Amino acid sequence: MKRQLGLTLVELLVVISVLGIAGVLILNIFTSTLKGSNKTQVIGAIKQNGQAVLETMDKTIRNADQVVCVSDDKKSIVVVRNGIYTRYRFIDPLPPSNPTNNGLIKQDNPDRETAGVDPGTNREFTDPGFVNKVCVNTDPMIKNMTVLTDTNPQTGVSLECVGGGDPTDCHDNPIFRLDKSSGFKDQVKIQFIAKPGVKAAQAVAGQIDPVRFETTITLR
C-alpha cells in the first residue's frame, strides 16, 4: 500500500483552529500587558503632576510676605514677596460639556508694566487698583506664564474641583481657601483632584480612580 502524504481537510481545519485559538490567547495576553503598562504609566503621571503642583505652590506661598487675595470664585490666589507678585489660577476643563482641554493650574508674575493703564483714569494703576485688577479671575495672565501640569489631553493629566458632579463648580470645595483668623498667621488650603487626560483611552482611564491632592500652608 502506498503511504498517503499531506494533510486531510479535517486535519487542516484542526490545525487552523488550534493556531487561531493560540493567536487569540497570545493577543489577549499582549493586550492585557499593554493595558497594565499604560495604567501604571498614567497613575504615575497623575501622582507626579499632582505632587509637583503642590510642592511648587507650597514653596511660593509659605515664603510669601502676605496673601494678597483669593478671587471670589476661589480659583485664583495672589501672593507677594519683596514686591514681586505671584499668581496661581485654576483653569476648568474646557469646554465644560465635552472637554477637549485638560483642567490645569497656571502661574505668572503680574506687575505694573504688564498691567497697562487703568481704563477708568487712563493712568497707571494705583496700588489698590492694581491689586483689584490681578485678583479678578478674568484678568488676562501675562505671556510668559507657566503651566504646572502636563496638558496633553491623551497622555497628560486633567485637574478638577473636589466633589460634586460639575467639575467646574468649586463653590463648596474651593481650589484655594484663605483663613485669616485673628491672632494667627494666614493659612491657605489647596485641594483638587487629578484624573487622566480628557481624551485618554477609555479602556485605561475607566480603570483609574481620581486622586485627591490637598495641603494646608501656613505663612512663615
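Heads up: these notes are all about the structure in this document. The model shown is predicted, which means the values in this text are computed figures rather than measured ones. Sequence order as written defines residue numbering, which begins from 1 separately in each chain. Given that this is a predicted model, residues contribute local features only at a pLDDT of at least 70 and side-chain atom pairs are listed and counted only at 80 or more, while totals for whole chains, interfaces and linings are drawn from all residues. Side-chain descriptors were evaluated using all non-hydrogen atoms of the structure, hydrogens and water having been removed beforehand.

1. Looking at the overall build of the protein chain
Only DSSP runs of H or I covering at least 4 residues are called helices, and only runs of E covering at least 2 are called strands; the numbering of each starts at the N terminus. Each helix and strand counted, the protein chain has 4 helices and 11 strands in total. Only protein chains enter the accessibility calculation, which uses a 1.4 Å probe. A residue is then buried if its area is under 20% of the maximum for its type, exposed if over 50%, and partly exposed in between. Here the protein chain holds 220 residues, and 35% of them are scored as buried. Counting only contacts in the protein chain whose residues sit at least 6 apart along the sequence, the fraction spanning at least 24 positions is 61%. For accessible areas, the Shrake-Rupley method is used with a probe of radius 1.4 Å. Any residue's cover is judged against the shown protein chains and nothing else. As displayed, the protein chain has an accessible area near 13600 Å², and 54% of this comes from carbon and sulfur atoms. The contact criterion used throughout is that any non-hydrogen atoms of two residues lie within 4.5 Å.

2. Focus: the environment of A45
Checked against the element boundaries, A45 lands in helix 1 (residues 9-62). For A45, a relative accessible area of 19% puts it in the buried group.

3. Topic: the side chain of K106
Examined against the element boundaries, K106 turns out to sit in strand 4 (residues 104-108). Once residues lying within four places of it in the same chain are set aside, the contact partners of K106 are R87, Y88, R89, I91, M141, M145, T146 and V147.

4. A short note on helix 3 (residues 127-134)
Those residues of helix 3 not exposed but buried are G129, F130 and V134. Considered in projection along helix 3, the buried side chains sweep an arc of 125° and stay on one side of the axis. Residues of helix 3 that are exposed and angled more than 90 degrees away from the buried face: P128 and N132. The elements touched by buried residues of helix 3 are strand 2 (76-81), strand 3 (84-91) and helix 2 (112-115). The arc in question is the one spanned by the directions pointing from the helix axis to the C-beta atoms.

5. Quick notes on the packing of aromatic side chains
Any two rings among Phe, Tyr and Trp, with Trp reduced to its six-membered ring, count as a pair given centres within 6.5 Å; such a pair is stacked if its planes are under 30 degrees apart, edge-to-face if over 60, and tilted if neither. Scanning the model with the defined rule gives 2 aromatic pairs in all. Judged by centre distance (5.1 Å) and plane angle (75°), the ring pair of Y85 and F130 falls under edge-to-face. You can see Y85 sitting in strand 3 and its partner F130 sitting in helix 3, a full 45 residues away along the chain. Taking the centre distance of 5.6 Å and the plane angle of 25° together, the rings of F192 and F213 count as stacked. Here F192, found in strand 10 (residues 187-196), pairs with F213, found in strand 11 (residues 211-218); they are 21 residues apart in sequence, far enough to count as distant. Exposure class is identical for F192 and F213. Each is buried.

6. Thoughts on the sheet that holds strand 3
A pair of strands is considered paired only if DSSP assigns at least 2 bridges between the two. Here we have 5 strands laid out as an open sheet, ordered 1-2-3-4-7, and antiparallel in their pairing. The open sheet has two edge strands, strand 1 (66-70) and strand 7 (146-147), and neither has a second partner. Examined bridge by bridge, strand 3 and strand 4 share 5 bridges and lie antiparallel to one another. Each residue of the ladder has a partner; that of F90, found in strand 4, is I105.

7. Points about the layout of surface pockets
Put simply, the grid is 1 Å and covers the protein atoms alone, a cavity is a trapped set of points that fit a 1.4 Å probe, a pocket is an open set with protein on both sides within 12 Å along at least five of seven lines, and lining residues have an atom within 4 Å of a point. Grid points are joined across faces, edges and corners, and a volume is the space filled by probe spheres set on the points. One number sums up the size of the largest pocket: a volume of about 220 Å³. Classification convention: Asp, Glu, Lys, Arg as charged; Ala, Val, Leu, Ile, Met, Phe, Trp, Tyr, Cys, Pro as nonpolar; all other residues, Gly among them, as polar. In terms of residue class, the lining of the largest pocket is built from 7 nonpolar, 4 polar and 2 charged. In this model, the second largest pocket occupies a volume close to 170 Å³. A total of 4 residues in the lining of the second largest pocket trace back to one element, the largest contributor, which is helix 1. Residues that form the lining of the second largest pocket fall into these classes: 7 nonpolar, 4 polar and no charged.

8. Notes on the nonpolar core
Residues belong to one nonpolar core when they are buried, are Ala, Val, Leu, Ile, Met, Phe, Trp, Tyr or Cys, and are joined through side-chain atoms within 4.5 Å. Counting residues in hydrophobic clusters, the biggest one holds 31 residues, and the most contacted among them are M57, I61, I77 and I190. Mapped onto this core, the elements with two or more residues apiece are helix 1, strand 1, strand 2, strand 3, strand 8 (157-160), strand 10 and strand 11. Broken down by element, the residue count for this core peaks at 7 residues, all from helix 1. If sequence neighbours within four positions are ignored, I77 has contacts with I61, V67, C69, V70, T86, R87, Y88, F176 and V188. Formed by 9 residues, the second largest nonpolar core is a distinct cluster that contains V68, C69, A115 and F130.

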